[in-house]
Every structure is written in structure tokens, then in C-alpha cells.
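Close look at the chain arrangement
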Number of protein chains: 2
Amino acid sequence: MYSYLDLVKQTDSVPYPKDVQHNFIQQKCYAFLAHDGIPIGRILPFVVEHLTGFPSVLKVDHNKQTVKISPSMDTVHARSEMLSRIVNEWRRKKTFKVLEGWRDELYCVYNPTHTEYLFIERAAAALFGVITYGVHIVGYVPGPELKLWIPRRSYNKPTFPGLLDNTVAGGIGYPHGIMETVVKECAEEAGLSREYVLSHIKPAGVISYNHQRENTVELEEGLFQPEVEYVYDLEMEPDVIPKVVDGEVESFELFTIDRVKEELKKGSFKYNTATITIDFFIRHGILTPEDEPDYLEIVQRSHRLLEYPVM
Amino acid sequence: MYSYLDLVKQTDSVPYPKDVQHNFIQQKCYAFLAHDGIPIGRILPFVVEHLTGFPSVLKVDHNKQTVKISPSMDTVHARSEMLSRIVNEWRRKKTFKVLEGWRDELYCVYNPTHTEYLFIERAAAALFGVITYGVHIVGYVPGPELKLWIPRRSYNKPTFPGLLDNTVAGGIGYPHGIMETVVKECAEEAGLSREYVLSHIKPAGVISYNHQRENTVELEEGLFQPEVEYVYDLEMEPDVIPKVVDGEVESFELFTIDRVKEELKKGSFKYNTATITIDFFIRHGILTPEDEPDYLEIVQRSHRLLEYPVM
């Protein structure tokens, strides 16, 4: 049985500076630096090995443990093209297993001024440990007993097959805006119309955490995935039923809060959707500071200040 | 005109490790250490000066810049008594202006196991920079146009006279629990009955920030006040009107959201109640990530992970 804090720690799994294991990361990993020296990601040694062949555009410094984009790469286009060439070559050579999940979708990395700094193929983001962005929508039916619409992930999905999820979730790929992604994903994953979503959706905050892949995942171990997930509540009428549209979802089921709690404790949810469900519980007064001993730490860890520039 | 991020930064005003000013704090301040060496607060040099006379119970080390409770102080009672003697002596001698606000109310400092470590007079907490705890209740009337009950602080209050506030707020003093403090303060500050509060209140999260007093405050400059504020929503019927009970509130008024926004931007709210009002806006979808450029930073800074053990 997992506690709620256990689940949040699986999501926000990168050690904090005060933690003993933090030094291990500092000693082992390389900082990924923008061309002006600002850190934008964290790269593991087994990836750095494959970055030493491009000294004119990407400088690896083993003493400083940095991988720095060359000052000559001074446009969004130049930086994005340079990374695209590298990761496409890796894909062709089957250098990394994560690239088998190639999406042909670009994620954006930002400047400190919140403007676009570079674009990178979604599947390659974790190799550079850059921040990625997504939306998570919790669909619920109010009433004397509030219920949540919970999908089970397809058993054919390469990542987290068969686990439970938030009603709808998806990454924010270029050039889609936040709300545009919400509308798109609600249609693609739950068959909800644009009009229905726009008239029922409510932004409800944002979750951020610093995730490091566990060795239980079959892909490369230890990759960094700092993430920002915009959270939305979708209050639904009892007769509106989400539909399985694409192959990503096995089925939707209306869960009571007690059932959701039980499945959380059994570890049936995908790691980050567990954290977003716990945040829903906190925002809706289902978890209280007097009943939940780790209330404060749960809230703080799921709103972690990330070290890099953000959207 | 203040931006929402400006207001949050006034609340969460202690620099972060990446900020230039952070070194200044490290260079200048003394860590306040528990008898086992765990940091529990931060003390300014003008306070440390008055702590050098008690070497058997409190050891000041100018090289390490620490003030450490002696290992012999191995009970809650011994530690609390020791601090009580020191701060009572300061009060008698009028050593610090903050002690003019003496409350005869004890705040609790915690162990890493969330158990009680020591008690300290409320007015003296900032001299040691320990974490303090409170509750903030946002009373609102739902409807086509949601409205908030906003009190104006009494013009006779020593702190922040005449500023706007959350409907009800108060510190969690020993031995009161969190919900007990909510009920107590709602009665004392707004004349709301226990029954009414318990049937209408909903816990809605917790805010944490690391505040440092500004030099615009007439009290000692630069004292540290890391704070944890449990947040509650109180949905009220239109005919329930909060009453001025004690002398702390000048008047209550029902504000539209537009009026609240306007007063926030003018800086009319007490610093931390501004942050809690912004959190209400975010939780209720009044601020959205697409309209508010600093959405993410606002959310992260108002859920700051504090460096010391907590409740």
C-alpha cells in the first residue's frame, strides 16, 4: 500500500539539495547549457558519450561537466536544426530505446523571458532533461457522492500499459496553445466536443515536479523529465459519457472517491496522474490537513520550483 | 500598479539560491540549530548580539555563523523554558521593538518527525526566524457574479492598519488544532457560529513562503518569517453577513472580483492575504495560464519548500 506522499515522491523523484542522493546526481550528470550559459537541462553520461562528435555546435566539457550549445547557434532555427540532425541520426542508428517512441511532434524549450529558445522532438526531450509541458483534465460528476471519470490506458501502449489515468491528458506540442491542447485532447481521447469542453472547463492551477525515470521502466534508466502540467477541472453532467476514440484508452469508468483512493493506494495509477488526482483531492477538500499527515509536503513537492527557464 | 507576481514576491521575499542577493543572506545571517544540529531558523546579527550571554544553553559560533541549542537541552520543556527566559528578559529591557507586540500566545516549532520540538512566544518567533503557522479563510458568495467578503484591518492595529485582508485569518497558537483555529477565528473575527462554519467550510490547500520583513515596516528590518498558511474556502449564502466582533476589523464589505483585482493592483491588501487571494483566483479559474504571464511562478513561489522541519 502506497501513502499519498509515496506516490508524489515517485513523481517528484529527483533528490533535493538537502538529500544525501543529491550529490550523486551532481557528480554524475552534465548540465545542458544554452549558448549564453544558462542551464536548460541535465544529461546523463551515457547520453553525453554520444554528444562529443559535434564540437563546433555543441561543446562537451568533461571538467566542468557541461554540454553547452555553441555561441554561434544564435537563432531558434539554428539550435533546433542542430538538435534535429543529432537526434535523427541517433534514431537511424537506434542509439537510444526512448527514440523508438518517436512522435514527430516538437516540444519547446524556453528562454528566461518565456520566449521560444529551441524546439526538440518529443521523444528526445528526456535525453537532454529539458522541461516538458502538458495538460491534465479531471472529469468529475458532482452530487451527494462526487465521482471521477477514470480511463484505463490501453494494454498496447508502450508506456504504462493498463494503468489508470486522468480523464484526459496530453503534452503541449508546438504550435498548440494550452487551451487548444485541452480542446484537442478532449476530442481525441474522450470524444468530447469543443463546445462542451469550452463551456464546462475550468483552469485549476499547475503542477510541477522533477521526475527521474526509475529502473523499473524498461527504457534507459535515470533520464530526467522535469514537467509542468496545467490542471483543469471538467464538471460533467451524469448523462455525458466519455467515449474511447483513439487506441490510447482501453475503457472509461465512473469511480467513486473511495474507489479512486483504493486504486491510488494499490499503485494502479500512472505516476503523474496519481499526483494530479491527489491535487484534485486537496483542492476539493477531500483530503484535509488534519487527516493527511504529509499534506504540506505533498503540496510543496507537487509545485516544485524547477531550475530552468519556463513557458 | 503591482502585478500579481510583484505581490507574491513581496510575500515570498527571501531570495532563492540562484538569486544574486542570496549570498548576502548566507554571509550575514546565523543558522539557528536544534540541539541535534538540524536548522530550524535564521537569525540576524543584531539579534545574535543579544544571544551571546548564555553559553551553557545556547552556543553562538561566529566562525560557523550558527546559534545552536545545547545538547543538554534535551526536552521540549527545557528548550521552551530557556527561550522563554531569554525573550522575557528582552521584553523587560525593551531590547526589541517586535516584542512590544507581545501576545502571551505560544507558537510551536517542530521536529523532522512532525512532533513538538519547542514552544516560543508568538511575538518572538521572527527574532529566531522559525516557521509559523496560520489559517486563512476566504468567504465568498457564489452566483452569476462571484463576490468575496473583504474586511479592512482596524486603523488602530499596530501591523498593517487600514489594509484589506482575507475574510478571516489567524495564527495557530498552542494548543489549538488547525480546524479548531478556523472555528475560533471565524467566531472572534467575523461573528460566525461554530455550526455555520463547520457546515460550510472546505479545506482548499496550503500556502508556504519565506518572508523577510521590509524596511518599510517600522519594526526591526530584515527579520525572517517563513510561514505556512492553511487555506479554507467558506461558501456563504447572500444573507449571511460577517460581523465586526473584536477591534481587529474596521468593516466588512462584499467585493466583486473586479473590485478585488483593482485593490490588489493598488497594493491595498496586506502582503500575505494578497497571495492567498491570488491563490483563490487560480483555484477558481478566475486567473488562467493563458491570461496571466507569471501563472507558473506565482503558483510555485506560493508553495515554497521551506528548509526546516514542519508541522
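How each quantity is defined
- Residues numbered from 1 in each chain as written.
- Chains lettered and ligands numbered in written order.
- Predicted model: local features only at pLDDT ≥ 70, side-chain atom pairs only at ≥ 80, totals over all residues.
- Heavy atoms only, no water.
- Contact = heavy atoms within 4.5 Å.
- Buried area = accessible area lost by both parts, 1.4 Å probe.
- Salt bridge = Lys/Arg side-chain N within 4 Å of Asp/Glu carboxyl O.
- Polar contact = N/O pair within 3.5 Å; in protein donor to acceptor, adjacent residues only side chain to side chain.
- Helix = DSSP H or I, 4+ residues; strand = E, 2+ residues; numbered from the N terminus.
- Nonpolar A, V, L, I, M, F, W, Y, C, P; charged D, E, K, R; others polar.
- Pairing = 2+ DSSP bridges.
- Axes fitted to C-alpha atoms, helices over the stretch in contact; angles between N-to-C directions.
- Least-squares fit on C-alpha atoms with pLDDT ≥ 70 in both.
- Parallel < 35°, antiparallel > 145°, perpendicular 65-115°, else oblique.
- Left-handed = near helix turned anticlockwise from the far one by under 90°.
- Domains from an automatic or database assignment.

**Considerations on the interface of chain B and chain A**
- With 32 residues of chain B in contact, the opposing surface of chain A contributes 32 residues.
- Of all residues in chain B, the largest losses of buried area upon contact with chain A belong to Leu 296, Gln 300 and Leu 305 of chain B, amounting jointly to 22% of the total for that side.
- The interface formed by chain B and chain A includes zero salt bridges.
- Taken together, chain B and chain A are joined by twelve residue pairs in polar contact (both at pLDDT 80 or more).
- At the level of secondary structure, the elements contributing two or more residues to the side of chain B that touches chain A comprise helix H6 (178-190), strand S10 (201-212), strand S11 (224-235), helix H9 (271-283) and helix H10 (295-301) of chain B.
- Considering each element in turn, the side of chain B that touches chain A owes the most residues, six residues, to S10 of chain B.
- Residues belonging to the side of chain B that touches chain A are distributed by class as follows: 18 nonpolar, nine polar and five charged.

**Notes on the sheet that holds strand S3 (residues 58-61) of chain B**
Residue and element names in this part refer to chain B.
- Pairing is mixed across the open sheet formed by four strands, whose spatial order is S2-S1-S4-S3. The open sheet has two free edges, formed respectively by strand S2 (39-43) and S3, since each of these has just one partner strand. Recorded for the sheet is a direction-independent mean angle of 20° between the axes of neighbouring strands.
- As defined by bridge partners, strand S1 (residues 30-33) adjoins S2 across four bridges and the pair is classed as antiparallel. What sits directly across from Leu 33, in S2, is Pro 39.

**Thoughts on the relation of the copies chain B and chain A**
- Between the two copies, chain B and chain A, the superposition gives an RMSD of 0.0 Å; the rotation angle is 180° and the shift along the axis is 0.0 Å. Within this description, the copies of the chain are treated as partners about a two-fold rotation axis. Ranked by how close their C-alpha atoms come to the rotation axis, the residues of chain B are headed by His 303 of chain B, at 3.1 Å.

**Considering the packing of helix H1 (residues 4-11) of chain A against helix H9 (residues 271-283) of chain A**
Residue and element names in this part refer to chain A.
- Where H1 contacts H9, the two axes come as close as 8 Å, and the packing angle between them is 130°. If you check the angle between H1 and H9, you find them oblique. Here H1 runs over H9; the crossing is left-handed. Seen from H1, the contacting residues are Tyr 4, Leu 7, Val 8, Gln 10 and Thr 11; seen from H9, they are Tyr 271, Asn 272, Ala 274, Thr 275, Ile 278 and Phe 281.

**Thoughts on the domain arrangement of chain A**
All names here are of chain A.
- Once the domains are mapped, chain A shows domain 1 (4-12 + 132-302) and domain 2 (20-128).
- Contacts between domain 1 and domain 2 engage 17 residues on the former and 21 residues on the latter.
- Contact between domain 1 and domain 2 buries roughly 1,500 Å² in total, counting both sides, with carbon and sulfur atoms accounting for 66%.
- For the interface between domain 1 and domain 2, the tally reads zero salt bridges.
- Elements with a contribution of two residues or more to the side of domain 1 that touches domain 2: strand S7 (132-141), strand S10 (201-212) and strand S11 (224-235).
- When grouped by side-chain class, the residues that make up the side of domain 1 that touches domain 2 number six nonpolar, seven polar and four charged.

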